[in-house]
There are 2 protein chains.
Amino acid sequence: MKITLLVVGRTVDKNIIAAIDDYTGRVKHFAPFDIEIIPELKNARKLSEAQQKEAEGELILKSINSGDTVILLDEGGKEFRSTEFAAWIEKKQQITAKRLVFVVGGPYGFSKKVYDCASEKISLSRMTFSHQMIRLLFVEQLYRAYTIIGGLPYHHE
Amino acid sequence: MKITLLVVGRTVDKNIIAAIDDYTGRVKHFAPFDIEIIPELKNARKLSEAQQKEAEGELILKSINSGDTVILLDEGGKEFRSTEFAAWIEKKQQITAKRLVFVVGGPYGFSKKVYDCASEKISLSRMTFSHQMIRLLFVEQLYRAYTIIGGLPYHHE
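Counting from 1, residues in each chain are numbered in the order their sequence is written. For naming, the first written chain is A and the first written ligand is 1, with later ones following in the order written. Per-residue local features of the predicted model are confined to residues with pLDDT of at least 70, and side-chain atom pairs are confined, for both listing and counting, to 80 or more; whole-chain, interface and lining totals are unaffected and use all residues. Heavy atoms from the whole structure form the basis of all side-chain values; hydrogens and water molecules are not counted.

What to know about the relation of the copies chain B and chain A
- When the copies are superposed, the least-squares fit draws on C-alpha atoms of residues that have pLDDT of at least 70 in both. For the pair chain B and chain A, the relating rotation is 180°, the translation along its axis is 0.0 Å, and the fit reaches an RMSD of 0.0 Å. Both copies are brought into coincidence by an operation consistent with a two-fold rotation axis.
- A contact between two residues is defined here by any heavy atoms of the two lying within 4.5 Å. A share of 100% of the interface residues of chain B reappears at the interface of chain A, consistent with the copies meeting face to face through the same patch.

Focus: helix α5 (residues 131-149) of chain B
Residue and element names in this part refer to chain B.
- Here α5 is 19 residues long and its end C-alpha atoms lie 27 Å apart, about the 27 Å a rise of 1.5 Å per residue gives.
- Of all 19 residues that make up α5, 16 are buried, and the element is covered over most of its length.
- Numbered from the N terminus, helices here are DSSP runs of H or I no shorter than four residues, and strands are runs of E no shorter than two. Directly beyond the C-terminal end of α5, a positive phi value near 70° is found at G151. Any helix carries an expected span of 1.5 Å times its number of residues minus one. Under the scheme applied here, a residue whose accessible area is under 20% of the maximum for its type counts as buried, over 50% as exposed, and between as partly exposed, the area being computed with a 1.4 Å probe on protein chains only.

So, the interface of chain B and chain A
- Contacts between the two partners involve 32 residues from chain B and, on the opposite side, 32 residues from chain A.
- Interface area, chain B with chain A, both sides summed: about 3000 Å², of which 54% is carbon and sulfur.
- By definition, the buried area sums, over both parts, the 1.4 Å-probe accessible area that each loses when the two are put together. The largest contributions to the chain B side of the interface with chain A come from R126, M127 and T128 of chain B, which together make up 22% of the buried area.
- Each reported salt bridge corresponds to a side-chain nitrogen of Lys or Arg within 4 Å of a carboxyl oxygen of Asp or Glu. Across the contact surface, chain B and chain A share four salt bridges.
- Throughout this description, a polar contact denotes any pair of N or O atoms lying within 3.5 Å of each other; where both atoms belong to protein, one of them has to be capable of donating a hydrogen while the other can accept it, and for residues adjacent in sequence the pair is counted only when both atoms sit in side chains. At the boundary of chain B with chain A, the tally comes to 12 residue pairs in polar contact (both at pLDDT 80 or more).

What to know about the confidence of the model for chain A
- Of all residues in chain A, 99% have pLDDT values of 70 or greater, and the mean over the chain is 93.
- This prediction of the complex comes with two scores: 0.92 for pTM and 0.89 for ipTM. The pLDDT value expresses, per residue, how confident the predictor is, ranging between 0 and 100.

Re the packing of helix α5 (residues 131-149) of chain A against α5 of chain B
- With their axes 12 Å apart at the nearest point, α5 of chain A and α5 of chain B run at an angle of 155° to one another. In terms of axis orientation, α5 of chain A runs roughly antiparallel to α5 of chain B. With respect to the hand of their crossing, α5 of chain A and α5 of chain B are arranged in left-handed fashion. Taken together, the residues of α5 of chain B that come into contact with α5 of chain A (itself represented by M133, L136, L137 and E140 of chain A) are M133, L136, L137 and E140 of chain B. Interaxial angle, 0 to 180 degrees, is taken between N-to-C directions of lines fitted to C-alpha atoms, where a helix line uses only the stretch in contact. Each angle receives one of four descriptions, namely roughly parallel if under 35 degrees, roughly antiparallel if over 145, roughly perpendicular if within 65 to 115, and oblique otherwise. Should the near helix be turned anticlockwise from the far one by less than a right angle, the crossing is termed left-handed; should it be turned clockwise, right-handed.

Some words on the packing of aromatic side chains
- Each pair of aromatic rings taken from Phe, Tyr and Trp, with Trp reduced to its six-membered ring, is defined by centres within 6.5 Å and is described as stacked if the planes are under 30 degrees apart, edge-to-face if over 60, and tilted in the remaining cases. Taken as a whole and assessed by the stated rule, the structure comprises 18 aromatic pairs over all chains.
- Ring plane angle 50° and centroid distance 6.0 Å describe the contact between F80 of chain B and F85 of chain B, whose orientation is recorded as tilted.
- By relative accessible area, F80 of chain B is classed as buried at 4%.
- One aromatic cluster in this structure is built from F80, F85, W88, F102 and F138 of chain A.
- Note on criteria: charge over ring means Lys NZ or Arg CZ within 6 Å of the ring centre, with the direction from the centre no more than 35 degrees off the ring normal. Looking at R26 of chain A, its charged tip hangs above the ring of Y143 of chain A, at a distance of 5.0 Å from the centre.

Structure representation (structure tokens):
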């Protein structure tokens, strides 16, 4: 199983980028993983929130292949403890033939079409974090999941 | 009201340190804020988990002054949405005479004495993050709270 984190918009904070790269490298010791960045909309300021969501949704759908299992990182999604997330990832590895794609939306959430193509929604926190921070949270948690699956001494209960 | 984030152990990842410093600087535009670091135990490897928790607890209690309002960042704590956390901070500003101290524990949690001196427990996520990441999450969320209180265009609902 390949894992992709699909995100909209470039990360600009160089400290956060470096921290994300660090954890991305660590995750790759355990599984094929990449972060795919969809460039943000150029004319976003001229669009309403609803129009932005719709246009971003089209770009997200273009990046999804048939056979992908799509998981949205969404504030309305299911919350996991780290050990539960690790068990969930382990199970997905057994049943996912192709690619597991986690999608982080823009500030206004996802369009209906994106919700419709997703198989699950998960939430990293009830709090809202910047899109840069969400990426970092996700890669740290994915790395933590693999250390839990592998029984490595990173996570303590 | 002064806000302190009290943590055990130095952050070693220079990218995370830089990101924490960035958000710390931003928070300081809104309120007196600092991060107090308690050096980690030198002989930790020789101690059991329970002994570590106890010894760290003593150091935490030494850093707390009478009159401080103590809030533990604890996985068993109350989860907030960002807007709820902002409202909570705003209320605390009205009723806290001295210092609001948020405490991040070590990997094994807090000793009973620390729990006893706390007035509330809050949780940033059901997931467990490294102590370095928790600091970053907290400062971003504190900054976000002040932008929500101030009506600044950082947070979107």
